[in-house]
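# Architecture and fold: a report
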Amino acid sequence: MKTVLITGANKGIGLESARQLLKKGFYVFLGSRNVNNGLKAVEQLKLEGLTNVEAIQIDVTNEESIKVAHMEIGRKVGVLDVLINNAGISGIDINSEGHMVPQTAIDTDIAVYQKVYNTNVYGPARVIKAFIDLLKKSPEPRIVNLSSSQGSLTLHSDPNYLYYNVKGVVYLSSKAALNMYTINLAYELRDTNFKVNAVSPGFTATDFTGKNGGSVEAAAERIVKFALIGKDGPTGKFFCEETNPDGTGEIPW
């Protein structure tokens, strides 16, 4: 039975990805920063008849948390076939009037960058660094980094891009940084059986978006697709089927 760790999986796209991979025969380690939220999500899945799942406490901003999660998974299964770096934050604050505070390049405090990068960039790097030994034991290891088409430099400099006017310097730049990390990681693992890709689920109706956007089920399908790619599948690429519905889904960096 193949194994997968999904960070930030107690709700939203992460939880639905867990559900879909369970239905495909995976054993799922459902990562959650708050273990109680993770346990509730596991209980929900088990009520649906999906039993090969357990909650793992993992805070991607905390080295000790990641170390303990690695030890626990290593002790239980010894190998990890798929890692989905799903945990992420927008860093967008709400003011006293209930409106979102724009992340402008001129006015945004550096502390906001630090907070968002700690989760969205350093988080995946920490988790991959910790779990690479277990992934190397898999015959077909897969790493999926959840990105966003919002992190595409090419698209965001094109006035014809659907979300051209939806700017936000901190979140967008964090995903651009994650994309470059993905390129480098895929390059370093190019002569192995690893497949490493950045995948955008598209604008999805979750807590992250205030419940606006497309279905969580469709978004998770886009993620799961790249967790399941075969030996001839792509690596070191960037995909968003919402932005490019041509069948490949590949978009420019």
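Refer to the structure printed above.
First, a word on scope: everything that follows refers to the structure included in this document. (Residues numbered from 1 in each chain as written. Predicted model: local features only at pLDDT ≥ 70, side-chain atom pairs only at ≥ 80, totals over all residues. Heavy atoms only, no water.)

## Considerations on the nonpolar core
Using the following cut-off: Residues belong to one nonpolar core when they are buried, are Ala, Val, Leu, Ile, Met, Phe, Trp, Tyr or Cys, and are joined through side-chain atoms within 4.5 Å. Whether a residue is buried, partly exposed or exposed follows from its accessible area with a 1.4 Å probe, protein chains only, as a fraction of its type maximum: under 20%, in between, or over 50%, in that order. Labels follow the DSSP assignment, with helices taken as runs of H or I lasting at least four residues and strands as runs of E lasting at least two, numbered in each case from the N terminus.
Ranked by size, the top nonpolar core spans 29 residues in total, and within it Val28, Leu30 and Ile84 carry the most contacts. Elements with a minimum of two residues in this core: β1 (3-6), α1 (12-23), β2 (27-32), α2 (35-47), β3 (53-57), β4 (82-85), β5 (142-146) and α8 (216-227). In this structure, Phe131, Ala186, Leu189 and Phe194 belong to the second largest nonpolar core, which totals 23 residues.

## Details of the packing of α1 against α8
We apply this condition: Axes here refer to lines fitted to C-alpha atoms; in helices the fit is confined to the stretch in contact. Angles between the N-to-C directions go from 0 to 180 degrees. Handedness of a crossing follows from how the near helix is turned relative to the far one, being left-handed for an anticlockwise turn of less than a right angle and right-handed for a clockwise one. In what follows, residue pairs with any heavy atoms lying within 4.5 Å of each other are defined as contacts. Nonpolar residues are Ala, Val, Leu, Ile, Met, Phe, Trp, Tyr, Cys and Pro. Charged residues are Asp, Glu, Lys and Arg, and all others, Gly as well, are polar.
Two elements in contact, α1 and α8, have axes separated by 8 Å at closest approach and are oriented at 65 degrees. Crossing of α1 against α8: the hand is right-handed. Contact residues: α1 offers Gly12, Ile13, Glu16, Ser17, Gln20 and Leu21, while α8 offers Val216, Glu217, Ala219, Ala220, Glu221, Ile223 and Val224. Among the residues making up the contact of α1 with α8, the classes are represented as seven nonpolar, three polar and three charged.

## Some words on helix α5 (residues 122-136)
Under the convention used in this document: By this rule, a helix spans an expected 1.5 Å times one less than how many residues it contains. Each residue is assigned a bend, namely the angle between axes fitted to the seven residues that terminate at it and the seven residues that start at it.
The end-to-end C-alpha separation of α5 is 21 Å, in line with the 21 Å expected for 15 residues at 1.5 Å each. The sharpest bend along α5 reaches about 45 degrees and sits at Ala130. Next to the buried residues of α5 lie β1, α3 (63-76), β4, α4 (110-120), β5 and α7 (169-188).

## Here's the deal with the packing of aromatic side chains
Heads up, the condition is: Pairing of aromatic side chains requires ring centres within 6.5 Å, counting the rings of Phe and Tyr and the six-membered ring of Trp. Pairs whose planes differ by under 30 degrees are stacked, by over 60 edge-to-face, and all others tilted. The rule for a charge over a ring is simple: NZ of Lys or CZ of Arg within 6 Å of the ring centre, and within 35 degrees of the ring normal.
Per the stated rule, a full pass over the model turns up five aromatic pairs. Ring geometry for Phe238 against Trp253: centres 5.1 Å apart, planes inclined by 20 degrees, an arrangement best described as stacked. Here Phe238, found in strand β7 (residues 238-239), pairs with Trp253, found in the segment after β7; they are 15 residues apart in sequence, far enough to count as distant. With relative accessibility at 29%, the residue Trp253 sits in the partly exposed group. When the ring centre of Tyr187 is taken as reference, the NZ or CZ atom of Arg190 above it lies at 3.9 Å.

## Considerations on the pairing of β4
Just so we agree on the cut-off: When DSSP finds two or more bridges between two strands, those strands count as paired.
Of the two faces of β4, the one lined by Val82 and Ile84 and the one lined by Leu83 and Asn85 are each fully buried. With three bridges connecting them, β1 and β4 associate as parallel partners. If you follow Leu5 over to β4, its bridge partner there is Leu83. Direction of pairing for β4 relative to β5: parallel, over a ladder of four bridges. Its bridge partner lying in β5, Asn85 is registered against Asn145.

## Describing the side chain of Ser147
Within the secondary structure, Ser147 is located in the loop between β5 and α6 (153-156). What makes Ser147 buried here is its relative accessible area of 4%. Non-local contacts of Ser147, meaning those with residues more than four positions away in its chain, are made with Lys175, Leu178, Asn179, Ala198, Val199, Ser200, Pro201 and Phe238.

## Re the environment of Pro234
Examined against the element boundaries, Pro234 turns out to sit in the loop between α8 and β7. On a C-alpha basis, the gap between Pro234 and Asn197 in space is 7.7 Å, while along the polypeptide they are 37 residues apart.

## Examining α7
With 20 residues, α7 ought to run about 28 Å at 1.5 Å a step, and its terminal C-alpha atoms sit 29 Å apart, in line with that. Of all the residues in α7, the buried ones are Val170, Tyr171, Leu172, Ser174, Lys175, Leu178, Asn179, Thr182, Leu185 and Ala186. Looking at the packing, one finds that the buried side of α7 touches α4, α5, β5, α6, β6 (195-199) and β7.

## Some thoughts on the pattern of salt bridges
Cut-off, in case you're wondering: Every case where a carboxyl oxygen of Asp or Glu lies within 4 Å of a side-chain nitrogen of Lys or Arg is listed as a salt bridge.
Taken as a whole, this structure holds eight salt bridges when the rule is applied. Between Lys225 and Glu241 there is a salt bridge, with the nearest N and O atoms lying 2.9 Å from each other. Taken together, the positions of Lys225 in helix α8 and Glu241 in the segment after β7 put the pair 16 residues apart, joining distant regions of the chain. Residue Lys225 is classed as partly exposed on the basis of its relative accessible area, which comes to 34%. Overall, the relative accessible area of 27% leaves Glu241 in the partly exposed class. The network of salt bridges with common partners includes Glu16, Arg19 and Glu48.

## Quick word on the sheet that holds β6
Pairing within the open sheet is parallel, and its seven strands lie in the order β3-β2-β1-β4-β5-β6-β7. Where the open sheet ends on each side, the last strands, each with one partner, are β3 and β7. Relative to β3, α2 is tilted by about 175 degrees, and along the sheet it contacts β2 and β3.

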